[in-house]
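Listed here are the chains, written in short residue letters.
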Amino acid sequence: MTEERYEPVIGLEVHCELRTATKLWCACPNEFGGEPNTHICPICLGLPGTLPVLNRNAVEYAMRIGTALNCEIKPSKFHRKNYFYPDMPKDFQISQYDEPINVQGYLDLPTGIRIGIERAHIEEDTGKSSHLGKSGRIHAAYGALVDYNRAGVPLVEIVSAPDIRSSEQAKDYVSELRAVLVATGATDGRMEEGSLRVDANVSVRKGPDAPFGTRCEIKNVNSLRSLVRAIEYEIKRQIEVLEDGGRIIQQTRHFNEDTLSTVALRSKEEAQDYRYFPEPDLPPISPGEAWINKVKEELPPLPPQRRAKVKEIFGTGDDGQIITLVEQDLDGLFLGVLSHGADGEIAIRRLLNEAASQIEAARKLDVKDFAALIGMEKSGKLSATQCKAVLAEMLESGGSPLQIAASLGFEGMKSNELEEVITQIINDNPDAFERFKAGDEKVTQFFVGQVMKATKGKANGKSVIEFLETKKS
Amino acid sequence: MKLSEQLLSAKEIAVGIKNKTFSATEIVSDTLGRIEKLDGDIHAFLNVTGDQALLRAKEIDEMVSKGEDPGILAGVPIGIKDNICTRKVATTCGSKILNEWKPPYDATVIEKLRSQGAIVVGKTNMDEFAMGSSTEHSAFGPTKNPHNIKCVPGGSSGGSAAAVASGMVPLALGSDTGGSIRQPAAFCGVVGLKPTYGLVSRYGLVAFASSLDQIGPFSRDVDDSVLLANAIMGHDPLDSTSLDIDTPPIKINSDGGVRGLRIGLVSEFLEGISPEISEAIERACKYLDAGGGQVESCSVPSVKQSLSAYYLIAPAEASSNLARFDGVRFGMRVDGKNAEEMMVNTRTAGFGDEVKRRIMLGTYALSAGYYDAYYGSAQKLRTLVIRDFESVYQKFDVLLSPTTPTTAFEIGAKIDDPLTMYLSDVCTIPTNLAGHPAISVPFGYDSKGLPIGLQVLAPALKDDLTLKVASYLESARENAND
Ligand SMILES: [Zn+2]
């Protein structure tokens, strides 16, 4: 295999939208969605004569991110990045260039690997165009609609060092980074809504001591899965080019979700000259010791600390589960449930398997109610299936598990009723019962199924099996 | 053209209206009548908003009759340079590309004027996007100098200067990026002040070069400039470069004249000036001396390189500021096969030659590989100019110079020679680079009957000093009549 001779070198640029109440330069609401062009004003439309005024909260959020990523927070400046694009109202983007607010940090992955952070700077988001052309790309479009609701939304761009060595590591980095960012409260980190966007710089080289190869930048990666696929495709493509005696051209490539491949957008030779220069409409930012310290002191606990805490209190538990628990921001609920004496194993299973699909509702679960639910499953009052059904209802409309179980008819059948039903079924299926007695496991499920059918699901599976066992003798 | 002698000053109008000597409606009607009569020849206005002005005048009159105070500019008609945004009133910047664009908002200065009772009567002509020194670069035809309609009024705020000089309005607003208020003020024989950078909000001023642009007043006498400056100064939270300081109203106490003031005569600004302007400077020095001022020659060496620094910084910022005129959201659109082609077509058709020249210059100055040599060096020069001024202001309170090397030139004389045109701003540009205040005040005429303007410069926030010295120089006119 030739691929083994090559080492991938990956650096990631992650854009995250800050969840400030208003946009970066104006008082328009910073909200996802909304009817197109309803969160706009002369300033974020870049109308002639308007000027930007920096949102102080955006600076504070950027500082939180810098602090969480172990960066040095420095006096910084804004620059203009000049290029023409219809979704950019001013035809330049206000960004930070050679004097970003956060520099030289790092992120430790749960696997123990440390990835360098070169910078994390503030910039403004653009609008969103939808092209009416065939290819979906602007150059071939015959018409376009632009929604400027997103224009001027504050972003922090986090640029990693080229320290990442595989697609898996890239995924770990983005997952951990996302968890850290969300924990700071600066962003909601929703990749699916585009509030977290990743570009990957990928190159390959012959072994860890060889100089870096020419890199390509992969854009349009909209999920962790796409990130892994895009990087893997790109590594393979580059190795093939090199093995065929070709050379890699530095270029920007677009990841196509349908073909799972990357296509060249533009090469360095035709690359844009952004003509950066200091933004004359904005003074430099110098946050000062006091503000920096305040941000440090107020920084909420970050995922590594939170994971350690779960491990310490829970005692057991799989690392992967704990990572996910914290990533989903469910660790607080989990620890609360433990403190109410509920069973950790069951609780973590229900949280990760069932509750995680309705994450917003899960985070709002009442600790006592959830602990009570887990208690009911543990004691056998509810079967696993019933527990899931009650949980689903709790997530949907809230309420105490006892009441929900009652309303669903899960109160538990009186044992004499259950015994009657089971006896009846045994009598109706004598051959099957003989096989059960002989130890045929498959028949057990048949009996459970029959009982459930007869009781319309009210019976507890565990109790059914217990009864069957007693009938053996 | 014979200029009317019986024109009321802004101060007189405001007092007269408050005292009910006359009504705002009468004043506005008179003003509209004068514009109607004179502007056919002069073309100072691009748009006269007569109906709105009369409505506003009625409101002012009602306020007065109810005993309310409409403000320090009660009922005073004012012309607004057409790069200052006025809600629902076309703002063209003298360009076709805006295609009669009507801003959905008022510039901060417009709001301030309104709150002081001023009445906007129209939008004045200008070089396209304020790029020019003659108003010949307006897409809507040149403005003529009221003193000689064969001559240019200067620029870029030529329409505002001419409107005031011809007596159509007592006041006008202009913008000054490299002399665009002071140079036309000098050519037209009116007072023009460029305030300290950051003293007047730029919110709603369509940007040419953001780090240099400043809005300022035109008037026929210094007192009226003080009045207008006081109406428009002050911190604006919508402009991050607006100075967050207290700005008590400027009051000039002319009793003491210029007694005890140290006045530097900048030798670099005297090089290559016309003999008649040189004579005017000499007369001014004598007059200042007679008033107790201490006039001495001085040097600000770096101002000689200011022109080259300016012609890199201003176009660089302009190339970026003017990018938004792309046909996507407002103004003119010329279609194309795709978005990029539409933008190219729109900008090709919409911008005039001078604007294109500066956009190209600025784009080049910011390009990778040229940035350090051009934009970078220009910024260093700018720092040097600031330092030179700092050191000269250790010894002097104010500086004196001609506003322009020559009086108004003829229309067409320099239009094909951009470099010579650029030289008419040589005395005014350094002030913008430093962010300092400077004023142009009329000081006699040349043999052709064209006004001569003198410039008084001062350190940042000493706007009142420039006005005080200008007021003294202005008094030479009355003394000469005695
Ligand atoms: Zn807005």
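Remember, it's a predicted structure, so these values are computed and weren't measured experimentally.

Peer 1: So what's going on with the overall build of chain B? Which residues, and what values?
Peer 2: Scanning chain B from N- to C-terminus turns up 15 helices and 11 strands. Relative to a compact globule of 482 residues, whose C-alpha radius of gyration would be 23 Å, chain B shows 21 Å and is just as compact. Expressed as lengths along the three principal axes of its C-alpha atoms, the size of chain B is roughly 70 × 55 × 45 Å. By the burial criterion, 63% of the 482 residues in chain B qualify as buried.

Peer 1: Break down the coordination of the zinc ion for me, with residues and values.
Peer 2: All names here are of chain A. Only C26 (SG), C28 (SG), C41 (SG) and C44 (SG) from the protein coordinate the zinc ion, and they sit 2.3 to 2.4 Å from it. Angles of 101 to 114° at the metal separate the four donor atoms of the zinc ion, which places the site in the tetrahedral class. In primary-sequence terms, the residues that donate to the zinc ion follow C-x1-C-x12-C-x2-C. You can see C28 sitting in the loop between strand 1 (7–17) and helix 1 (56–68) and its partner C41 sitting in the loop between strand 1 and helix 1, a full 13 residues away along the chain. With a relative accessible area of 7%, C28 lands in the buried category.

Peer 1: Let's hear about helix 1 of chain A: which residues, and what values?
Peer 2: Residue and element names in this part refer to chain A. In a regular helix each residue adds 1.5 Å, so 13 residues correspond to 18 Å; helix 1 covers 19 Å between its end C-alpha atoms and thus fits that length. Most of helix 1 is tucked away: 10 of the 13 residues are buried. Every buried residue of helix 1 is listed here: A58, V59, E60, Y61, A62, M63, I65, G66, T67 and A68. Between the side-chain oxygen of the N-cap and the backbone nitrogen of N57 there are 2.9 Å, and the N-cap of helix 1 in question is N55. One or two steps after helix 1, the chain reaches N70, where phi turns positive at roughly 60°.

Peer 1: Can you tell me about the sheet that holds strand 14 (residues 277–278) of chain A, naming the residues and giving the values?
Peer 2: All names here are of chain A. Ordered by their spatial adjacency, three strands build an open sheet running 4-3-14, and the pairing between neighbours is antiparallel. Every interior strand has two partners, whereas the edge strands, strand 4 (92–95) and strand 14, have only one. In terms of strand pairing, strand 3 (residues 79–82) meets strand 14 through two bridges, oriented antiparallel. Along strand 14, the bridge assignment pairs H79 with P278.

Peer 1: Give a description of helix 11 (residues 353–366) of chain B that names residues and reports values.
Peer 2: Residue and element names in this part refer to chain B. In this model helix 11 runs 20 Å from its N-terminal to its C-terminal C-alpha over 14 residues, within 8% of the 20 Å that 1.5 Å per residue would give. Within the sequence span of helix 11, burial applies to E354, V355, R358, I359, G362, A365 and L366. End-on, the buried residues of helix 11 take up no more than an arc of 135°, which puts them together on one face. Facing away from the buried side of helix 11, by more than 90 degrees, are the exposed residues D353 and M360.

Peer 1: Lay out the interface of chain B and chain A in plain terms, naming residues and giving numbers.
Peer 2: The interface is formed by 41 residues belonging to chain B together with 35 residues belonging to chain A. Carbon and sulfur atoms supply 59% of the area buried between chain B and chain A, which totals about 2900 Å² over both sides. Counting across the chain B and chain A interface gives two salt bridges. Summed over the shared surface of chain B and chain A, the number is 13 residue pairs in polar contact (both at pLDDT 80 or more).

Peer 1: I'd like to hear about the state of the cysteines, residue by residue, with values.
Peer 2: For the structure shown, the criterion picks out zero disulfides over all chains. In this structure C298(B) is not part of a disulfide, and its nearest cysteine sulfur, from C285(B), lies 11 Å away.

Peer 1: How would you sum up a nonpolar patch on the surface? Please name residues and give values.
Peer 2: Residue and element names in this part refer to chain B. Together, Y364, Y370 and Y374 give the surface a local cluster of nonpolar side chains, amounting to about 280 Å² of exposed area. Structurally, Y374 is set in helix 12 (residues 372–395). Classification of Y374 by relative accessible area gives partly exposed; the value is 32%.

Peer 1: I'd like a description of the domain arrangement of chain A, backed by residues and values.
Peer 2: All names here are of chain A. On domain assignment, one finds that chain A holds domain 1 (2–295), domain 2 (301–407) and domain 3 (415–472). Taken over C-alpha atoms, the centre of domain 1 sits 35 Å from the centre of domain 2. In this assembly, 10 residues from domain 1 lie in contact with nine residues from domain 2. Between domain 1 and domain 2, a total of about 730 Å² is buried, with carbon and sulfur atoms accounting for 59% of that surface. Linking domain 1 with domain 2 are two salt bridges, by the criterion used here. The salt bridge involving E360 is made with R190; its shortest N-O contact spans 3.1 Å. Applying the counting criterion to the domain 1 and domain 2 interface returns two residue pairs in polar contact (both at pLDDT 80 or more). Broken down by element, the residue count for the side of domain 1 that touches domain 2 peaks at seven residues, all from helix 2 (residues 167–184). Tallied by class, the residues present in the side of domain 1 that touches domain 2 amount to five nonpolar, two polar and three charged.

Peer 1: Talk me through the confidence of the model for chain B; I want residue IDs and the actual numbers.
Peer 2: Residue and element names in this part refer to chain B. Of the residues in chain B, 98% reach a pLDDT of 70 or more, and the chain-wide mean stands at 95. Overall, residues 1–5 carries pLDDT values under 50, and its contacts beyond four positions in sequence, including any with other chains, amount to eight contacts. With a pTM of 0.89, the predicted complex shows an ipTM of 0.96.

Peer 1: How would you explain the sheet that holds strand 5 (residues 191–194) of chain B if you had to name every residue and give the values?
Peer 2: In a beta sheet, neighbouring strands pair by backbone hydrogen bonds and run either parallel or antiparallel. Residue and element names in this part refer to chain B. Strand order across the open sheet formed by 11 strands is 1-3-2-4-6-5-10-11-9-7-8, with mixed pairing between neighbours. Looking along the sheet, the strands with just one partner apiece sit at the ends: strand 1 (45–48) and strand 8 (294–298). Averaged over neighbouring strand pairs, the angle between their axes works out to 30° when direction is ignored. Bridging between strand 5 and strand 10 (residues 438–445) involves three bridges; their strand directions are antiparallel. Looking at the pairing, G192 lines up with S440 of strand 10.

Peer 1: For the packing of aromatic side chains, give the residues involved together with the corresponding values.
Peer 2: Scanning the entire structure with this criterion turns up 25 aromatic pairs over all chains. Taken together, W101(B), F129(B), F325(B), F330(B) and F351(B) form an aromatic cluster joined through their ring pairs. Sitting over the ring of W291(A), R56(A) keeps its end group 3.9 Å from the ring centre. Between R114(A) and the ring centre of Y106(A), over which it is positioned, the NZ or CZ distance is 3.6 Å.

Peer 1: Tell me what's going on with the side chain of T184(A), and back it up with residues and numbers.
Peer 2: Residue and element names in this part refer to chain A. Structurally, T184 is set in helix 2. Overall, T184 belongs to the buried group, its relative accessible area being 1%. With sequence-adjacent residues up to four places away left out, T184 is seen in contact with R64, I65, A68, L299, P300 and L302.

The rules behind each value
- Residues numbered from 1 in each chain as written.
- Chains lettered and ligands numbered in written order.
- Predicted model: local features only at pLDDT ≥ 70, side-chain atom pairs only at ≥ 80, totals over all residues.
- Heavy atoms only, no water.
- Helix = DSSP H or I, 4+ residues; strand = E, 2+ residues; numbered from the N terminus.
- Rg over C-alpha atoms; globule rule 2.2 N^0.38 Å.
- Buried < 20%, exposed > 50% of the residue type's maximum accessible area, 1.4 Å probe, protein only.
- Donors = N, O, S within 2.8 Å, 3.2 Å for Na, K, Ca; no water.
- Tetrahedral: all angles 85-135°; square planar, octahedral: opposite > 155°, others 65-115°.
- Expected span 1.5 Å × (residues − 1).
- Polar contact = N/O pair within 3.5 Å; in protein donor to acceptor, adjacent residues only side chain to side chain.
- Pairing = 2+ DSSP bridges.
- Arc of directions from axis to C-beta.
- Contact = heavy atoms within 4.5 Å.
- Buried area = accessible area lost by both parts, 1.4 Å probe.
- Salt bridge = Lys/Arg side-chain N within 4 Å of Asp/Glu carboxyl O.
- Disulfide = S-S within 2.5 Å.
- Patch = residues over 30% accessible without salt bridge, like charges linked within 9 Å, V, L, I, M, F, W, Y side chains within 5 Å.
- Areas by Shrake-Rupley, 256 points an atom, 1.4 Å probe, with all protein chains shown as cover.
- Domains from an automatic or database assignment.
- Nonpolar A, V, L, I, M, F, W, Y, C, P; charged D, E, K, R; others polar.
- pLDDT = per-residue confidence, 0-100.
- Axes fitted to C-alpha atoms, helices over the stretch in contact; angles between N-to-C directions.
- Phe/Tyr/Trp six-rings, centres within 6.5 Å; stacked < 30°, edge-to-face > 60°.
- Lys NZ or Arg CZ within 6 Å of the ring centre and 35° of its normal.

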